[in-house]
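Take a look at the letters that make up each chain.
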Amino acid sequence: MIDDDNPYAAPKADVLVKDRHLDSSSDAWRDGKMLVVRKGAELPDRCLKCAAPARGYRFSRSLSWHKPVWALTFLISPILYALVYVFVRWRARVTVGLCPRHRRNRARAIALGWLVALTGLGSIMAAETLFDSLRPIALNAGIVLLPVGMICGVVGSQVLVPRRIDKHFVWLSRVSPDYLAAFPDWNA
Ligand SMILES: [Zn+2]
């Protein structure tokens, strides 16, 4: 090959990665503990979290991601970050299978998150009616429980966790190793 002697040619590995979205017949790969999915790909009817049969159930979400360094603009100005977020993020819609057990787990995490957050809200509102000695305890408990419930609900119910998105592919973490094992190695 003439290319082999050309010192100005791009490294082979770069060329392979760059062209993979055109060349490969595959739609998903494993990259370490992450799943790489081609945008718009149809994934198998298996649960992303345990590889059990999903029995036709499809879970779909629009994901967005930007390079973490852009978050630093928040320190300059939240408004600047809001603009950066709108213009620099990559977006992708991903659809996967989810088994009945992991659907139940997700519903439970959402319900528990709401329960804790509403208990916090109730305790803040009830603080006003309590004796002076109890008021600060109820107020502080509420101030802690409200955000904890919201965060736990959001994190616990998150099925698709994007670690990176580019023009053609999405990298997802928190995927079952058994599910990953069915796909070719991204780095091969
Ligand atoms: Zn499952």
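Residues numbered from 1 in each chain as written. Predicted model: local features only at pLDDT ≥ 70, side-chain atom pairs only at ≥ 80, totals over all residues. Heavy atoms only, no water.

Caption draft 1: Inspection of the coordination of the zinc ion at higher detail. Protein coordination at the zinc ion: the donors are C47 (SG), C50 (SG), C99 (SG) and H102 (ND1), at 2.1 to 2.3 Å from the metal. Around the zinc ion sit 4 donor atoms, and with donor-metal-donor angles ranging over 103 to 113° the site reads as tetrahedral. The sequence motif formed by the donor residues of the zinc ion is C-x2-C-x48-C-x2-H. Of this pair, C50 sits in the loop between strand 2 (34-38) and strand 3 (58-65) while C99 sits in the loop between strand 4 (90-97) and helix 4 (100-127), and the two are 49 residues apart along the sequence. (Donors = N, O, S within 2.8 Å, 3.2 Å for Na, K, Ca; no water. Tetrahedral: all angles 85-135°; square planar, octahedral: opposite > 155°, others 65-115°. Helix = DSSP H or I, 4+ residues; strand = E, 2+ residues; numbered from the N terminus.)

Caption draft 2: Layout of the sheet that holds strand 1 (residues 28-31). Taken together, the 4 strands give an open sheet; going across it, the order is 1-2-6-5, and neighbouring strands pair in antiparallel fashion. Every other strand in the sheet has two partners, leaving strand 1 and strand 5 (161-165) as the edge strands with one partner each. Recorded for the sheet is a direction-independent mean angle of 30° between the axes of neighbouring strands. As paired strands, strand 2 and strand 6 (residues 169-173) are joined by 4 bridges and run antiparallel to one another. (Pairing = 2+ DSSP bridges. Axes fitted to C-alpha atoms, helices over the stretch in contact; angles between N-to-C directions.)

Caption draft 3: Representation of the nonpolar core within the structure. Counting residues in each nonpolar core, the largest one holds 25 residues, and the members touching the most others are L35, L48, L160, L172 and Y179. Counting only elements with at least two residues in this core, the list comes to strand 2, strand 3, strand 4, strand 6 and helix 6 (177-180). Not counting chain neighbours up to four residues away, the residues in contact with L172 comprise K33, M34, L35, V37, L63, V94, L160, V161 and P162. (Core = buried A, V, L, I, M, F, W, Y, C linked by side-chain atoms within 4.5 Å. Buried < 20%, exposed > 50% of the residue type's maximum accessible area, 1.4 Å probe, protein only. Contact = heavy atoms within 4.5 Å.)

Caption draft 4: Representation of the environment of L112 within the structure. With respect to the element layout, L112 can be found in helix 4. Taking relative accessible area as the criterion, L112 reaches 55% and is therefore assigned exposed. Sequence spacing of L112 and G153 is 41 residues, and the spatial spacing of their C-alpha atoms is 6.8 Å.

Caption draft 5: Region of the structure containing the side chain of S176. Here S176 shows up in the loop between strand 6 and helix 6. Reaching out from S176, the side chain makes a polar contact with the backbone nitrogen of D178 at a distance of 3.1 Å. Excluding anything up to four places from it in sequence, S176 contacts L48, K49, C50 and A51. (Polar contact = N/O pair within 3.5 Å; in protein donor to acceptor, adjacent residues only side chain to side chain.)

Caption draft 6: Quick peek at the pattern of salt bridges. Evaluation of the coordinates by the stated rule reveals 3 salt bridges. Across the pair E42 and R58 runs a salt bridge, and its minimum N-O distance is 3.4 Å. Taken together, the positions of E42 in the loop between strand 2 and strand 3 and R58 in strand 3 put the pair 16 residues apart, joining distant regions of the chain. (Salt bridge = Lys/Arg side-chain N within 4 Å of Asp/Glu carboxyl O.)

Caption draft 7: Looking closely at the side chain of H102. For H102, the location among the structural elements is in helix 4. Since its relative accessible area comes to 15%, H102 is described here as buried.

Caption draft 8: View of unusual backbone geometry. Although it is not a glycine, A51 adopts a positive phi angle of roughly 70°. In this fold, A51 is placed in the loop between strand 2 and strand 3. According to the relative accessible area criterion, A51 is buried, its value standing at 14%. Although it is not a glycine, R174 sits at a positive phi angle of roughly 60°. Note that R174 resides in the loop between strand 6 and helix 6. Residue class for R174 comes out partly exposed when judged on its relative accessible area of 40%.

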